[in-house]
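Descriptive structure summary
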Amino acid sequence: MAEEVKLKVTIDGISVEVAPGTTILNAARQIGGDIVPPAMCYYSKLEGSGGKCRTCLVKVSKGSEKDPRPMPKLVASCRTTVMDGMEVENITSPDVVDARKAVVEMLLINHPLDCPVCDQAGECKLQDLGFEHGSAQTRYEFERRTFERIDIGDKIQLHMNRCILCYRCVFVADQITDKRTHGIIGRGDHAEISTYIQNVVENDFSGNVIDVCPVGALTDKTFRFKNRVWFTKPVDAHRDCPTCSGKVTLWYKGKDAIRVTARKDEFGEVEEFICNTCRFDKKETSDWKLEEPTPISDQSVISSNHYTHFNPPAVIENNPVLQEQNLEQLARTEKLK
Amino acid sequence: MARKLLLTHIDVPGIHTFEVYRQKGGYRAVEKALKTMSPDDVVEEVKKSGLRGRGGAGFPTGMKWSFLAKPEGVPRYLVCNGDESEPGTFKDRFLMTHIPHALLEGMIVSSYALGAKTSYIYVRGEMMPQIRILEKAIEEAKVAGFLGKNILGTGYDLEIYVQPGGGAYICGEETALLESLEGKRGNPRIKPPFPAIAGLYGCPTVVNNVESIAATVPIINDGGEEYAKIGIERSTGTKLISAGGNLVRPGVYEIELGLPVEEFIYSDEYCGGIANGKRLKAVVAGGSSVPILPTNLILKTINGNNRLMTYESLADGGFQTGTSMGSGGFIAFDEDQCIVRNTWNFTRFYHHESCGQCSPCREGTGWMEKVLHKIEMGHGDLSDIELLWDIQRRIEGNTICPLGDAAAWPVAAAIRHFRDEFEWHINHPQDALTHNFGLAHYADPLTPIVS
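Residues numbered from 1 in each chain as written. Chains lettered and ligands numbered in written order. Predicted model: local features only at pLDDT ≥ 70, side-chain atom pairs only at ≥ 80, totals over all residues. Heavy atoms only, no water.

Focus: helix α6 (residues 100-114) of chain B
All names here are of chain B. Under the 1.5 Å per step criterion, the end-to-end length of α6 is 21 Å for 15 residues, consistent within 8% with the ideal 21 Å. The element α6 is extensively covered by neighbouring structure, given that 15 of its 15 residues are classed as buried. Within two residues after α6, Gly115 carries a phi angle of roughly 75 degrees, on the positive side. (Helix = DSSP H or I, 4+ residues; strand = E, 2+ residues; numbered from the N terminus. Expected span 1.5 Å × (residues − 1). Buried < 20%, exposed > 50% of the residue type's maximum accessible area, 1.4 Å probe, protein only.)

Let's talk about the pairing of strand β8 (residues 251-256) of chain B
All names here are of chain B. Within β8, 5 of the 6 residues are buried, leaving the element largely enclosed by the surrounding structure. Alignment of strand β7 (residues 238-245) against β8, held across 6 bridges, turns out to be antiparallel. In the strand pairing of β8, Lys239 is matched with Ile255. (Pairing = 2+ DSSP bridges.)

Some words on the sheet that holds strand β12 (residues 247-253) of chain A
Strand pairs in the sheet, formed through backbone hydrogen bonds, run parallel or antiparallel to each other. Residue and element names in this part refer to chain A. Spatial ordering of the open sheet is given by β13-β12-β11-β14, a layout of 4 strands whose pairing is antiparallel. For this open sheet the edge positions go to β13 (256-262) and β14 (289-293), each flanked by a neighbour on one side alone. Across the sheet, the axes of successive neighbouring strands diverge by a mean angle of 35 degrees, strand direction being ignored. Sheet analysis places strand β11 (residues 233-238) next to β14, joined by 4 bridges and oriented antiparallel. Looking at the pairing, Ala237 lines up with Leu290 of β14. (Axes fitted to C-alpha atoms, helices over the stretch in contact; angles between N-to-C directions.)

Thoughts on the environment of Met368(B)
All names here are of chain B. Note that Met368 resides in helix α16 (residues 359-376). Met368 sits in the buried class, given a relative accessible area of 0%. Taking the C-alpha atoms as reference points, Met368 and Ala285, 83 residues apart in sequence, are found 22 Å from one another. When sequence neighbours within four positions are dropped, the list of residues in contact with Met368 reads Thr347, Leu388, Ile391, Gln392, Ile395, Ala407, Ala408 and Val411. (Contact = heavy atoms within 4.5 Å.)

What to know about the packing of aromatic side chains
Going through the model one piece at a time under the given rule, you end up with 20 aromatic pairs over all chains. Summarising the aromatic geometry, the rings of Phe18(B) and Phe146(B) are spaced 5.8 Å apart at their centres and angled 50 degrees between planes, so their arrangement reads as tilted. Here Phe18(B) is found in helix α1 (residues 18-23), whereas its partner Phe146(B) is found in the loop between α7 (128-143) and β3 (159-164), with 128 residues between them in sequence. What makes Phe18(B) buried here is its relative accessible area of 13%. Chaining the aromatic ring pairs together yields one cluster made of Phe18(B), Tyr21(B), Tyr27(B) and Phe146(B). Above the ring of Trp288(A), the side-chain terminus of Arg239(A) is found at 5.8 Å from the ring centroid. Taking the ring centre of Trp344(B) as reference, the NZ or CZ of Arg348(B) above it sits at 4.8 Å. (Phe/Tyr/Trp six-rings, centres within 6.5 Å; stacked < 30°, edge-to-face > 60°. Lys NZ or Arg CZ within 6 Å of the ring centre and 35° of its normal.)

The structure is reproduced here in structure tokens:
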């Protein structure tokens, strides 16, 4: 058996060997940590996605061993494949940081910062991106575009105000649903996601457009405003489903599962798309075989209230009363598991 | 009198018909290529000619053809880009209207060289007269045996179809054109893969401009080396220029590359000077997307040499003091024209035409338009100039396709060379509102500010 060819790529000084055809973004994901470029439109499970939002721009300071010339422009890391010996600058390049800051500013022109009421708060990639690369103030002083909310089907609501036109839901409609009922109409900043006139999105897998939306444009009507995500407790569960894998995350509020989503990986991408029956119609614990609490990064706001070990913040380290209360909180949380 | 290759018989009545075109020596290139040359010979002649793409980018045509992948059993396509939508550019439309057979002859020769058996002429949807003219020309060529099965008994088959586009500027970008041709939304594809590897329907495809394809006819007729003798240095041959704006004689001219810009503007053979005895203020030399230059920089390079109508001379100095041949849309502005208003107008176009796929172009073009509109309407602030500069800087180079650059460059050049006019607009809002933007606010309108 021939030896597998590996290409060496160095990102922000950290080297990794990857298979040919791997993109810079996925190479960075293999390394992990802060050097992973953000991605609003790329979605590993959706073919052809990526390259549009421009948040993942990186600088290729050395093309390859054979041709060490740098690439003249910043490139979209999600669509640029690595070459052997390639050197990439991500967070170490001021140009990249500046470009990313510019993209955030552009995206926020027509995306309201209504996080306090938006259902995506806590799971919003743009929120994270804005926090890391945004400015305290916008320089945009003109009227934003606004839309009425639209129910596209009885379970999904579209709020175009928040849409950043990442095309992910369009790819879902194209690639995993049995009939195409929605897409993009208009062009430029007049473009909008729309169903065919007065049509609805209704097929077994249509609910997945909610999971892939990186912002709060497409939301689950069975969950909207029932709770904030950080007050819920995600638990992995499964069931024998004739339509999909049946592997989901149940989001508990107390004893009630108030939302069902597909399971997501560390980059917030669905591991396996799920059917609408699992998502919308199976919300009783008895419908499911529970597995374990969903692993949530302790950097995520969702991890608040989900203590897995006693780790008091510095402020209460020297306060016995608060320490006691913290232990009680931990005990209560453990009991709920 | 300058030498003409494409417009030699433009004044002959009926030259748009097959009969007259043939009488004037038309389709000799097809006969020569198909009967006496191999496809590789044709490619070689085009390489020798030094022909550069006439659509805007100026990439060597022969080299582009040689990149075409030739896998076994996979069709190859030639697509003629007749979408021509750049403001100020109308030379391809002129060619398609008046000498459609020149394009068809070039299509046959080029298709033969590339091994394409099906070729498309993609024409902007609004150009219905041109579409009908081309369809009629195709019928005539077919009846005469220059198209269809077994052309001239050589065994070579070729079908050419005219495809109306969706009427979007972005469909002139080659990958968006291919998407549109496939019946999809005209969004640019992310490169690589380039069309030469995976183009129309995933097959190897060459996309060439109308004028580039038509230029292969004299190359085959006279030989690549003869063609290369016309023009200078790396800018060989002749070029169609669509001249507009405040000129005495706007129109489409065929020039030999290397002609001094000054001669093109002022000589009686070409534009005949600035209309109404006005002075020249600025020129956009290659369609609205290329940087605008003030008079002294468009007539002379920064070194004091004459600026020539060549790819190299026009670009001399880069973005600081140069511009680009672009698509050949030459727009002259006299001393009364408002640069701010003109820049706003161009930006309004790019905002309208942005496909909306990538964030910087989608949002940035609209933002620039609004800021420019604000300044033009007399509500601007001096900090808006810095803001505009910053927005264009953040669009340029960060988008999927060159539309972002095309939107950014005119704004950058206008600020770079006419910053004082922007400041005047802001400081004299009432005058700006009444369009009183004559020479009053200028110390010397011919002295640009170049940092």
